[in-house]
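Here are the chains, one letter per residue:
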Amino acid sequence: MSKILRVNLSDLKTNIEDLPKGYEGLGGRALTSTIVSKEVPPRTDPLGPENKLVFSAGILAGTTAPNNSRLSVGAKSPLTHTIKEANSGGAVAQKLMRLGLQAVVVEGRAKDLTSLKIDKDGVRLVPATSYRNLGNYQAIEKIRKELGDNIGVISIGPAGEWKLKAAAVAVTTPDFHIRVAARGGLGAVMGSKNLKAVMIDDAQSDQVEIKDKAGFREASTALSKGILSHPLIGIFKELGTSCLVMMMNAYGCLATKNYSLGQFSGAEKISGERMLELMKKRPNGQHVHRCMNGCIINCSNIFTGENGETIVSGLEYETIGLVGSNCMIDDIDIVAHINRVCNDVGVDTMDVGGAIGVAMEAGLLAWGDGKAALDLVKEIGKKTEKGLMIGNGCKFTGEKLGAKRIPHVKGQCLAAYDPRSLKGTGVTYATSPMGADHTCGNAIPNPANPSYNPSAATGQGPVSQFLQSYFAAIDSLGLCLFASLPLLDIPALQKHLVACVSAKLGSPLDENYLTQLGVSTLKVERKFNKAAGFTKKDDRLPKFFLEEKLPPSGNIFDVPEDEIDAVSLLP
Ligand code: SF4
């Protein structure tokens, strides 16, 4: 039976307990949000000792179900002041589940920098002062040298230690690249607790318990087969998420020049197609890579330099959009280097990309000057005034520079999809309990559903609401978003997914299980935000999206407010 590990850093006590009533059968986002909502006072200081940082494996993590081992990280966010969940691939969720842990709840605040070690023999808190101010790459390498290759690591860089609002949580892949639970400043929450790293070794641990093994095998095989049958998967395999650069550019919604254009003249130079060409040519480059064992899609990559040195893995659409086109930077190598510096110092590339775009518009550096942007990002680690500004994200930077056009909702920078052409995504940005977050319900054009018009002014509320509940469920199971997309076009596959959960838990589940799980998760999150003081007035996009026409389409964001409010008020 899965358990919760509670770690109180104030008195250095740890305790492993059964999942309490109300938490059973939950995992991933559903569990992090339930714990935060029940145990964290909604108006508390996100960086104070009352906030709790929760790591939770998805319900199916550690099983043989495909792409199903994401790790959710949850807390009250210092960036948005809402409830927050950010999730990441990597090896950690599988290891936690093999050790019988559905979640780790970190409470209080240690007196000095501390790390947490979890293995078959138990739980230990160890001093981490020798890791102070180490970047994630160096810290992880040091931990790996000390503890060996079977370790999985959750860590923060200096930005987390310094509690910057865009600080992220890094998670290692099986081959020790970094994936990131990037959004919402959760790295700052980890830093506020003086927790540098969580190190998990699952050597000699048991397999994850499956109550109905035969049923699970059958459902899992059918699910894998169905996912692989979808035409989108071939594109993700070949180009990864960066396939979206040319697609979104063609659709006129690629975030460009701080969201003042929908198309970027340099898009081809930072496209997935260009990356593929480079990765095939450069030594050690890999355009096919997986962030977790059990992935059947391999959308990730290892982006290398001309001499074969690893720059970053994986280089993805959101980073390319926010750091590249949004800043008019058309040099994919510079974008990759900025990504590496962000991973190392431990900040969200999206909020930092948004911050650079705002700074360029304010005249702090020139549009398209990749070298200046890279130097600016390096300043985060040097703790200069400008570096600290950028490391605090897009809203902070915009306000400090007196900018009028700051692309954020509830403090979090938008993703690289302009909401004037993707209006369903715009409704999600506005109403998601997490601030502007595309992973909560991204309504992109879909060839399998040609009747859906993403730029129509009406009908977007119900689309966003449906997607928000679907992805809340997906984030709770631990299923990777890319593996979940085919299930939207082939609903029969959802039955196989639910059958996997049912076989794992050994209990029959309602045919509406996914909807129920998603809706109940959203309900918990919205209740927390309401108690934290948020109202429907906070569920709005910045005014410039409603007033400025987006070239070349001329679209504005004109979804009626009552349609947005209908989503806000729904559970
Ligand atoms: S498809 Fe991509 S994000 Fe999903 S599990 Fe595989 S490598 Fe990770």
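Scope of this entry: the structure provided in the associated data block. On a predicted model such as this, the values are computed, not experimentally measured, just so you know. (Residues numbered from 1 in each chain as written. Predicted model: local features only at pLDDT ≥ 70, side-chain atom pairs only at ≥ 80, totals over all residues. Heavy atoms only, no water.)

This paragraph deals with the site of the ligand. In the vicinity of the ligand there are 13 residues, among which Asn 67, Cys 291, Cys 295, Cys 299 and Cys 480 approach most closely. Within the shell around the ligand, the residues separate by chemical class into seven nonpolar, four polar and two charged. (Near = heavy atom within 4 Å. Nonpolar A, V, L, I, M, F, W, Y, C, P; charged D, E, K, R; others polar.)

Attention now goes to the pattern of salt bridges. Within this structure, the stated rule accounts for 35 salt bridges. The partner of Asp 202 in a salt bridge is Lys 95, with the nearest N and O atoms 3.2 Å apart. Placement of Asp 202 in the loop between strand S12 (195–201) and helix H6 (213–228) and of Lys 95 in helix H2 (residues 92–98) is noted, with a sequence separation of 107 residues between them. Pair check on accessibility: Asp 202 and Lys 95 agree, each one buried. With a shortest N-O distance of 3.2 Å, Glu 385 and Lys 400 are connected by a salt bridge. You can see Glu 385 sitting in helix H14 (residues 385–391) and its partner Lys 400 sitting in helix H15 (residues 393–400), a full 15 residues away along the chain. (Salt bridge = Lys/Arg side-chain N within 4 Å of Asp/Glu carboxyl O. Helix = DSSP H or I, 4+ residues; strand = E, 2+ residues; numbered from the N terminus. Buried < 20%, exposed > 50% of the residue type's maximum accessible area, 1.4 Å probe, protein only.)

With that settled, the discussion passes to the sheet that holds strand S14 (residues 300–304). Within the open sheet, the three strands sit side by side as S13-S14-S15. Their pairing is antiparallel. The outermost strands of the open sheet, each flanked by one partner alone, are strand S13 (286–289) and strand S15 (310–312). The mean inter-strand angle of the sheet, taken between neighbouring strand axes irrespective of direction, is 40°. Bridging between S14 and S15 involves two bridges; their strand directions are antiparallel. Bridging across to S15, Thr 304 finds its partner in Thr 310. (Pairing = 2+ DSSP bridges. Axes fitted to C-alpha atoms, helices over the stretch in contact; angles between N-to-C directions.)

Our focus in this paragraph is empty space enclosed by the protein. On inspection of all chains with the given rule, the structure shows one cavity of 30 Å³ or more. Of all elements in the fold, only helix H7 (231–239) and helix H9 (272–281) reach the threshold of two or more residues within the lining of the largest cavity. Counting residues per element, the lining of the largest cavity draws most heavily on H9, which supplies four residues. (1 Å grid on protein atoms, 1.4 Å probe; cavity = no way out; pocket = protein on both sides within 12 Å on 5 of 7 lines; lining within 4 Å. Points joined across faces, edges and corners; volume = space filled by probe spheres on them.)

Attention now moves to the sheet that holds strand S3 (residues 53–57). Taken in spatial order, the six strands make up an open sheet running S2-S1-S6-S3-S4-S5, and their pairing is mixed. One side of each edge strand has no neighbouring strand; the edge strands of this open sheet are strand S2 (13–18) and strand S5 (83–88). In this sheet, neighbouring strand axes are inclined to one another by 15° on average, regardless of whether the strands run parallel or antiparallel. Relative to S2, strand S1 (residues 3–8) runs antiparallel, the two being bridged by six bridges. Note that in S2 the partner of Val 7 across the bridge is Thr 14. Running over the sheet, helix H1 (residues 28–39) touches S1, S3, strand S4 (71–76), S5 and strand S6 (101–107) and is turned about 20° from S4. (Contact = heavy atoms within 4.5 Å.)

What follows covers helix H18 (residues 481–489). Buried residues of H18: Phe 482, Ala 483, Ser 484, Leu 485, Pro 486 and Leu 487, and no others. Residues of H18 that are buried make contact with H6, H7, helix H17 (460–477) and helix H19 (492–505).

What follows covers unusual backbone geometry. The omega torsion of the bond from Ser 313 to Gly 314 falls at -15°, within 30 degrees of zero and hence cis. Considering the arrangement of structural elements, one finds Gly 314 in the loop between S15 and helix H10 (317–324). Cis peptide bonds are those with omega within 30 degrees of zero, and the linkage from Pro 551 to Pro 552 qualifies with 0°. Structurally, the position occupied by Pro 552 is in the loop between helix H21 (544–547) and helix H22 (561–569). The backbone of Lys 163 sits at a positive phi, close to 60°, despite the residue not being glycine. Looking at the secondary structure, you find Lys 163 in the loop between helix H4 (158–161) and strand S10 (169–172).

Moving on: the packing of aromatic side chains. Under the criterion given, the structure shown has six aromatic pairs. Ring geometry for Tyr 470 and Phe 471: centres 5.1 Å apart, planes at 75°, overall edge-to-face. Given the relative accessible area of 4%, Tyr 470 is considered buried. The side chain of Lys 142 reaches across the aromatic face of Tyr 131, ending 4.5 Å from its centre. Between Arg 405 and the ring centre of Phe 544, over which it is positioned, the NZ or CZ distance is 4.2 Å. (Phe/Tyr/Trp six-rings, centres within 6.5 Å; stacked < 30°, edge-to-face > 60°. Lys NZ or Arg CZ within 6 Å of the ring centre and 35° of its normal.)

On to the pairing of S10, then. Alternating residues of S10 divide into Val 169 and Val 171 and Ala 170 and Thr 172, and every residue in both groups is buried. Pairing of strand S9 (residues 151–155) with S10, which is carried by two bridges, proceeds in the antiparallel orientation. Paired with Ile 154 across the two strands is Val 171, which belongs to S10. Summarising the sheet, S10 and strand S11 (residues 178–181) pair through four bridges and their orientation is antiparallel. Bridge assignment links Ala 170 to a residue of S11, and that residue is Val 180. Counting the residues in the hairpin turn of S10 and S11 gives five residues, including Phe 176, whose phi is positive at 65°.

Along the chain, Gly 368 falls in the loop between helix H12 (349–361) and helix H13 (370–382). As for Gly 368 and Gly 266, which are separated by 102 residues in sequence, their C-alpha atoms are 9.9 Å apart. With sequence-adjacent residues up to four places away left out, Gly 368 is seen in contact with Cys 327, Met 328, Ile 329 and Met 360.

Another point: helix H16 (residues 423–431). In terms of burial, H16 is largely enclosed, as nine of its nine residues are buried. Inspection of H16 places Lys 423, Gly 424, Thr 425, Gly 426, Val 427, Thr 428, Tyr 429, Ala 430 and Thr 431 among the buried residues, and these make up the whole buried set. Tucked inside the fold, the buried residues of H16 contact strand S16 (408–409), H17, helix H20 (513–531) and H22.

Let's shift gears to the packing of H17 against H20. Orientation of H17 relative to H20, taken along the N-to-C sense of each, is 95°, at an axis distance of 7 Å. Between H17 and H20, the angle is such that the two are roughly perpendicular. Counting all contacts with H17, which are made through Gln 465, Gln 468, Ser 469, Tyr 470, Ala 472, Ala 473, Ser 476 and Leu 477, the residues of H20 involved are Tyr 513, Leu 514, Leu 517, Gly 518, Val 519, Thr 521, Leu 522 and Arg 526. Looking at the contact of H17 with H20, its residues break down into nine nonpolar, six polar and one charged. (Parallel < 35°, antiparallel > 145°, perpendicular 65-115°, else oblique.)

Between H12 and H13, the shortest axis-to-axis distance is 11 Å and the interhelical angle comes to 120°. The angle between H12 and H13 places the two elements in the oblique class. The element H12 and its partner H13 pack so that their crossing is right-handed. Contacts from Val 352, Ile 356 and Met 360 in H12 reach Ala 373, Val 377 and Ile 380 in H13. (Left-handed = near helix turned anticlockwise from the far one by under 90°.)

A separate point is the side chain of Thr 431. Along the chain, Thr 431 turns up in helix H16. Residue class for Thr 431 comes out buried when judged on its relative accessible area of 2%. Within the structure, Thr 431 has its side chain in polar contact with the side chain of Gln 468 (distance 2.8 Å). Dropping the residues within four chain positions of it, Thr 431 is found in contact with Lys 410, Ser 464, Gln 468, Arg 526, Asp 539, Ile 564, Val 567 and Ser 568. (Polar contact = N/O pair within 3.5 Å; in protein donor to acceptor, adjacent residues only side chain to side chain.)

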